[in-house]
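Each chain is listed here by its residues.
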Amino acid sequence: MNGVLALSLAIARSGWQASWNRMFRFSRMKAGLIWLALQGLAAYLVARRAPAMAPDAAEAGLVGAVALIAAQMGWFGIMGGFSRGQAQLYQGLLVPLFQLTPARPLAFLLGRVIESLPTRLWTTLLWAWAYSSIVPPPGRWPALALLWLVGAAAGVVAHLAGLLLLTFWGRFHPRTMRHGNTIFGVLTMALITAAIIYLSTGGTATELALVMRAGRRAVLTTLAAVAGVPGLLLAATLLVRPEWVEEHYRQGLYRVLELNDQDTDRPGRSFWLPLRGDGVLRAVLSREWLQLARSKMTRTQLLIFVAGAVGVWFAGRAAAGQPAARLVGSVGALSLLAWFNAFGHWVSRVFQQERVTIALYRLAAVPTPRLIAAKLIAVAVPSGLLVAVAVAVGSVAARLSLAGAVALLLRTELALLFGVMGGFGAAAAFASQDPEEPEAPGAPQAEQGGSALAQSSAWSALARTIGLTLSTALPLWAAAGTPWLPAPAPLAWALALGLPLALLVGGVWVMLRTWRW
């Protein structure tokens, strides 16, 4: 058993070193610091929306906060155990460890659980601090310690439950195991969207804690049935009969690896768009949209978009009767958020594959401006259609007239158009940072933070995301009447429209000068 524990700690240290390399050591923009800042900002915003209760109601608030953090960390735990466990236990360089060496799979399982502990403890501490503001000052710090312990325990047990679900799923039905990630992703995006709507419409974490207190029996019973009992069952089995878990994991891994070797892509028939006059536009649009139609990931992202559209529906019902500017800030903003979460990568990665095919365009004497225009149209048209669908859902929920719905749609589409232009320009400026060749389909994932090229170009991905976010948010902010940061309308519109145009023109200019055409 000592050998298993030593190997488990070694695997955990390997994971910690990989995270350190990826997020700090080889990251130009120190992505770890940015991620920590974003986590702290989210907890701070929630803490501001969690006013302290009266001293005589402190106990009720504490009970509700305990139920709230237990449910939240339980969900994050089971999702992390399944989704992250799928990436760690069924792919990567360390997966063949127990096949090539006498190492036991038990050490691999325990090592991944130990690896997740520091991140889980830190995340739980942030949310415990946010929810502890519900309790009046005399008892806030003891409440913080209690919330931290309860949240951490719920998260660890739920993580084990996620691993148990993953083990059985991989053992008995590995062909559909990827659908689990889809389910968790869709439900998580739906919960995040619901939380944003709730807080943006005046709700507070204190009110939510009181609701959780009223339904604490149902919440804790569900949490115990879904995460508590399965997680404790796996923990007991690992102590009493670890060979049983190892055998199920080993057989499941063999079946997953066999399916990966046998998996064939059946993309369907090709097609050409019925366009005349511009062969470049027809070829590029046909290729781009055909790839989207064939992609399995697109179907998953479409479900995430549908979950966001459901949130737009509820936001529209809550904003019924509000002025047009408020509707833009709620229905329009959430429509763009639904698109951004599901398909925003269309813009930020628009040139990712062109480093490989650029020689073909040169041999065909394709003019560079036509290629750039075709790539811009290829991402703008489907994005506009998706956002139009989400805005239509919100307009119906808000019971807008036809004129009001059209006005809302035009303002939202304007924000999307300039967002796509700015994000496209940022992607063009950093196109030279994309890899020259695509990764091999069966290449194992690196454990120590990726290749040097991936580490050196990680900051460009952040720059593309920031460019897309600002270019989308500024026109929306101006159309909504400059909420949160008042500014004169001419100045707001000049900034909102000038920045995306500057990014587009400057990014394309940089690409033409730095990219090897």
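Rules of the game
- Residues numbered from 1 in each chain as written.
- Predicted model: local features only at pLDDT ≥ 70, side-chain atom pairs only at ≥ 80, totals over all residues.
- Heavy atoms only, no water.
- Helix = DSSP H or I, 4+ residues; strand = E, 2+ residues; numbered from the N terminus.
- Buried < 20%, exposed > 50% of the residue type's maximum accessible area, 1.4 Å probe, protein only.
- Contact = heavy atoms within 4.5 Å.
- Areas by Shrake-Rupley, 256 points an atom, 1.4 Å probe, with all protein chains shown as cover.
- 1 Å grid on protein atoms, 1.4 Å probe; cavity = no way out; pocket = protein on both sides within 12 Å on 5 of 7 lines; lining within 4 Å.
- Points joined across faces, edges and corners; volume = space filled by probe spheres on them.
- Nonpolar A, V, L, I, M, F, W, Y, C, P; charged D, E, K, R; others polar.
- Axes fitted to C-alpha atoms, helices over the stretch in contact; angles between N-to-C directions.
- Parallel < 35°, antiparallel > 145°, perpendicular 65-115°, else oblique.
- Left-handed = near helix turned anticlockwise from the far one by under 90°.
- Core = buried A, V, L, I, M, F, W, Y, C linked by side-chain atoms within 4.5 Å.
- Salt bridge = Lys/Arg side-chain N within 4 Å of Asp/Glu carboxyl O.
- Expected span 1.5 Å × (residues − 1).
- Bend = angle between axes of the 7 residues up to and from the residue.
- pLDDT = per-residue confidence, 0-100.
- Phe/Tyr/Trp six-rings, centres within 6.5 Å; stacked < 30°, edge-to-face > 60°.
- Lys NZ or Arg CZ within 6 Å of the ring centre and 35° of its normal.

(A) Expanded view of the overall build of the protein. Broken down by element type, the protein carries 21 helices and zero strands. Here the protein, with 517 residues, has 44% of them falling under the buried criterion. Contacts in the protein between residues far apart in sequence, at least 24 positions, make up 82% of those at least 6 positions apart. If you sum the accessible surface of the protein, you get close to 26300 Å²; carbon and sulfur atoms cover 69% of it.

(B) Structural view of empty space enclosed by the protein. A full pass over the atoms with the stated rule returns one cavity of 30 Å³ or more. For the largest cavity, the calculated volume is near 50 Å³. Every residue lining the largest cavity is listed: Leu 109, Leu 110, Val 113, Leu 160, Leu 163, Thr 167, Leu 234, Leu 238 and Val 245. Counting residues per element, the ones that place at least two in the lining of the largest cavity are helix H5 (105-115), helix H7 (140-172) and helix H10 (216-240). When the residues that make up the lining of the largest cavity are grouped by side-chain class, the tally is eight nonpolar, one polar and no charged.

(C) Up close: the packing of helix H3 (residues 58-89) against H10. Where H3 contacts H10, the axes come no closer than 10 Å and their chain directions differ by 25°. Between H3 and H10, the interaxial angle falls into the category roughly parallel. Seen along the crossing, H3 lies across H10 with a hand that is left-handed. Each of Val 63, Ala 67, Ala 70, Ala 71, Gly 74 and Ile 78 in H3 lies in contact with H10, whose residues at this interface are Arg 216, Val 219, Leu 223 and Val 226. Split by residue class, the contact of H3 with H10 holds eight nonpolar, one polar and one charged.

(D) Structural context of the nonpolar core. Counting residues in hydrophobic clusters, the biggest one holds 46 residues, and the most contacted among them are Phe 305, Trp 339, Phe 343 and Phe 351. Going through the elements one at a time, helix H8 (178-200), helix H13 (296-318), helix H14 (324-343), helix H15 (345-348), helix H17 (368-398), helix H18 (402-429), helix H20 (458-479) and helix H21 (489-514) are the ones with two or more residues in this core. Counting residues in each nonpolar core, the second largest holds 32 residues, with Val 95, Ala 158, Met 177 and Val 256 among its members.

(E) Just the pattern of salt bridges, in detail. Throughout the structure, instances matching the rule amount to four salt bridges. Residue Glu 246 pairs with Arg 104 through a salt bridge whose shortest N-O separation is 3.1 Å. You can see Glu 246 sitting in helix H11 (residues 242-262) and its partner Arg 104 sitting in the loop between helix H4 (97-100) and H5, a full 142 residues away along the chain. Among the residues examined, Glu 246 registers a relative accessible area of 6% and is labelled buried. With a closest N to O distance of 2.7 Å, Glu 115 and Arg 112 form a salt bridge. Taken as a pair, Glu 115 and Arg 112 lie in helix H5 at a separation of three residues, close to a single helical turn. Like Arg 112, Glu 115 is buried. Bridged by salt links that share partners, the residues Arg 84, Arg 112 and Glu 115 form one connected network.

(F) Broad picture of the environment of Ala 397. If you trace the backbone, Ala 397 turns up in helix H17. Given a relative accessible area of 8%, Ala 397 falls into the buried group. Remark: the alpha-carbon pair of Ala 397 and Gly 316, spanning 81 residues in sequence, is separated by 5.0 Å. Beyond its immediate sequence surroundings of up to four residues, Ala 397 is in contact with Trp 313, Gly 316 and Arg 317.

(G) Examining H3 more closely. Given a rise of 1.5 Å per residue, 32 residues ought to cover 46 Å, and the 44 Å separating the end C-alpha atoms of H3 matches this to within 8%. At Gly 80, H3 shows its largest bend, some 25°.

(H) The confidence of the model for the protein, seen in detail. In the predicted model, the protein carries a mean pLDDT of 82, and the fraction of residues at 70 or more is 85%. Within the protein, helix H6 (residues 117-132) carries the highest mean pLDDT (94), whereas helix H19 (residues 452-456) carries the lowest (46). Note that pLDDT drops below 50 for residues 436-456; the model gives that stretch 34 contacts with residues more than four away or on any other chain.

(I) Structural view of the packing of aromatic side chains. Under the criterion given, the structure shown has nine aromatic pairs. Where Phe 343 meets Trp 346, the ring centres are 4.5 Å apart and the plane angle is 40°; that geometry is what we call tilted. The two residues Phe 343 and Trp 346 agree in class, both being buried. Grouped by ring-pair contacts, the aromatic residues Trp 75, Phe 82, Trp 169 and Phe 184 constitute a single cluster. The lysine or arginine in question, Arg 140, covers the ring of Trp 141, its NZ or CZ lying 5.6 Å from the ring centre. Across the ring face of Phe 172, the terminal group of Arg 171 is positioned such that the distance to the ring centre comes to 5.1 Å.

(J) The environment of Gly 419, seen in detail. Inspection of the secondary structure assignment puts Gly 419 in helix H18. In this structure the C-alpha to C-alpha distance between Gly 419 and Leu 497, which are 78 residues apart in sequence, comes to 9.4 Å. Sequence-distant contacts of Gly 419, defined by excluding residues within four places in its chain, comprise Leu 468, Ser 471 and Thr 472.

(K) Highlighting the side chain of Thr 482. Note on placement: Thr 482 falls in the loop between H20 and H21. Those residues in contact with Thr 482, other than ones at most four positions away along the chain, are Trp 477, Ala 487 and Ala 492.

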